[in-house]
Amino acid sequence: LDDIDRPQLVVCSVDNDRKKALDGARKLVTQYLGQQPHIMKASGVAPELLEEIGSILTWPATAEQIEQAMHLVPDEVVQLITASGTADECRAKVREYVASGCTCPVLYPLGDDVPAMIDAFRRGEDIHRSTAALVFGTPPESVTSEQRRRAKMVNFGIAYGIPSPGSNMGVS
């Protein structure tokens with residue numbers, strides 16, 4: 001199993017203003033919880049909240065329904081399902097994914113300021129080594145070539161854009 005990459009799409013909303021970052025992800029989280037059964041089941045969110053969101057959203061959900069339902073989704077749920085908040089919070093969440101077995105986090109940026117998200121994950125001259133250090137929680141000089149390779153996938157996923165959430169990335 002160690003030889004198999006386990007990629008995970010990680011929705012990421014970064015801003016110095018924590019509330020703005022969380023609100024930036026809340027709309028997508030609301031749609032996921034209301035209309036994606038596999039995400040609902042795996043989310044760990046209280047069934048009562050899922051039912052309440054589901055009672056508002058139809059298929060396909062209208063913008064008005066999403067706006068109404070997203071007020072039900074607390075910050076804790078947004079952070080449970082996404083890497084959203086300040087740069088430090090986002091890096092910590094990506095490290096959680098890695099610690100849980102994800103070998104290749106693929107960041108899906110939300111919002112208009114994609115450079116801010118890239119900057120949140122970039123330090124020093126070697127961006128891939130710096131990303132690996134952040135993701136794996138190790139000093140840059142201790143990053144292995146395998147860790148750097150995995151971080152490189154994250155960086156190129158950011159730089160070249162990620163298709164809509166849930167699509168098959170073909171990453172292996």
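You'll find the structure just up there.
Being a predicted model, the structure only gives us computed values, none of them experimental.

About the cut-offs
Residues numbered from 1 in each chain as written. Predicted model: local features only at pLDDT ≥ 70, side-chain atom pairs only at ≥ 80, totals over all residues. Heavy atoms only, no water. Helix = DSSP H or I, 4+ residues; strand = E, 2+ residues; numbered from the N terminus. Buried < 20%, exposed > 50% of the residue type's maximum accessible area, 1.4 Å probe, protein only. Areas by Shrake-Rupley, 256 points an atom, 1.4 Å probe, with all protein chains shown as cover. Arc of directions from axis to C-beta. Contact = heavy atoms within 4.5 Å. Pairing = 2+ DSSP bridges. Axes fitted to C-alpha atoms, helices over the stretch in contact; angles between N-to-C directions.

Chemist: Explain the overall build of the chain here, please?
Modeler: Per the secondary structure count, the chain includes nine helices and three strands. Element order for the chain, N to C, with α for helix and β for strand: β-α-α-α-α-α-β-α-β-α-α-α. When the 172 residues of the chain are sorted by exposure, 42% land in the buried category. Here the chain has roughly 9400 Å² of accessible surface; of this, 52% comes from carbon and sulfur atoms.

Chemist: Sorry if this is basic, but what is going on with helix α4 (residues 63–70) here?
Modeler: Note that an α-helix has 3.6 residues per turn; residues three or four places apart therefore point the same way. For α4, the full list of buried residues reads Gln65, Ile66, Ala69 and Met70. Within α4, the buried residues cover an arc of 125° as seen down the axis, which keeps them to one side. For α4, the secondary structure elements touched by its buried residues are α1 (18–35) and α3 (47–56).

Chemist: Help me understand the pairing of strand β3 (residues 104–109), please; the structure alone is not making it clear to me.
Modeler: Here is the key point about a regular strand: its side chains alternate between the two faces of the sheet. Within β3, six of the six residues are buried, which leaves it mostly tucked inside the rest of the structure. Neither face of β3 is open: one carries Cys104, Val106 and Tyr108, the other Pro105, Leu107 and Pro109, and all of them are buried. Bridge count between strand β1 (residues 7–14) and β3: six bridges; the pairing is parallel. Each bridged residue has a counterpart across the sheet, and for Gln8 the counterpart in β3 is Pro105.

Chemist: Honestly, the sheet that holds strand β2 (residues 83–85) in this entry has me stumped. Any pointers?
Modeler: The strand order across the open sheet formed by three strands is β2-β1-β3, and the pairing between neighbours is parallel. The two strands at the open ends of the sheet, each matched to only one other strand, are β2 and β3. Between one strand and the next, the sheet's axes are offset by a mean angle of 25°, whatever the strand orientation. In terms of strand pairing, β1 meets β2 through three bridges, oriented parallel. Within β2, the residue paired with Cys12 across the bridge is Ala83.

Everything listed here is a matter of geometry and, on its own, says nothing about what the molecule does.
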